[in-house]
Amino acid sequence: MKILVVDDEVEVANFLCAFLKRLGLSSEKANSGQEAMEAFARYKPEWVFLDIKMPDMDGLELLKKMKEINNEIKAIMITGKDDEAVQDEARLLGASDYIVKPMDLEEMRNIIRKYIPIKE
């Protein structure tokens, strides 16, 4: 299982990749929309964890672009605030779920476990 983590906050992306590794999952990270599209083409992930608010390209725009390339891509959105309108839009684009910052480890594990088989 390959996961692409996209967050403009380097510490958040690093933390999430380290957490996924502890769960036995392979991941790569990108810290901008441009980096994300390059990594998406090269790495060919099955899942993307996308930050919604980023300076160059937001997570919803990225998800649209990724779906154009691979309609099977699955996404979990990362958000700093619980905004129902944005969550509804992301669901319409095919996002499976949300992780709200600051990230709670148990909640994160439960969300990931719901969709992705993990080693524990």
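Shown above is the structure to which this text applies.
Model, not experiment: these values are computed from the prediction. (Residues numbered from 1 in each chain as written. Predicted model: local features only at pLDDT ≥ 70, side-chain atom pairs only at ≥ 80, totals over all residues. Heavy atoms only, no water.)

### Let's talk about the pairing of strand β4 (residues 74-79)
Consideration 1: Of all the six residues making up β4, five are buried; the element is thus mostly covered by neighbouring parts of the structure.
Consideration 2: Relative to β4, strand β3 (residues 47-51) runs parallel, the two being bridged by five bridges. Following the sheet pairing, Trp47 is matched in β4 by Lys74.
Consideration 3: Between the parallel pair β3 and β4, the chain is carried across by helix α3 (residues 59-69), and the sense of this crossover is right-handed.
Consideration 4: Looking at chain direction, β4 and strand β5 (residues 95-100) are connected through five bridges and run parallel. Bridge pairing in β5 links Ile78 to Ile99.
Consideration 5: Taking the sense of rotation as the criterion, the β-α-β connection linking β4, helix α4 (residues 84-92) and β5 turns out right-handed. (Buried < 20%, exposed > 50% of the residue type's maximum accessible area, 1.4 Å probe, protein only. Helix = DSSP H or I, 4+ residues; strand = E, 2+ residues; numbered from the N terminus. Pairing = 2+ DSSP bridges. Right-handed = clockwise from strand over helix to strand, strands pointing away.)

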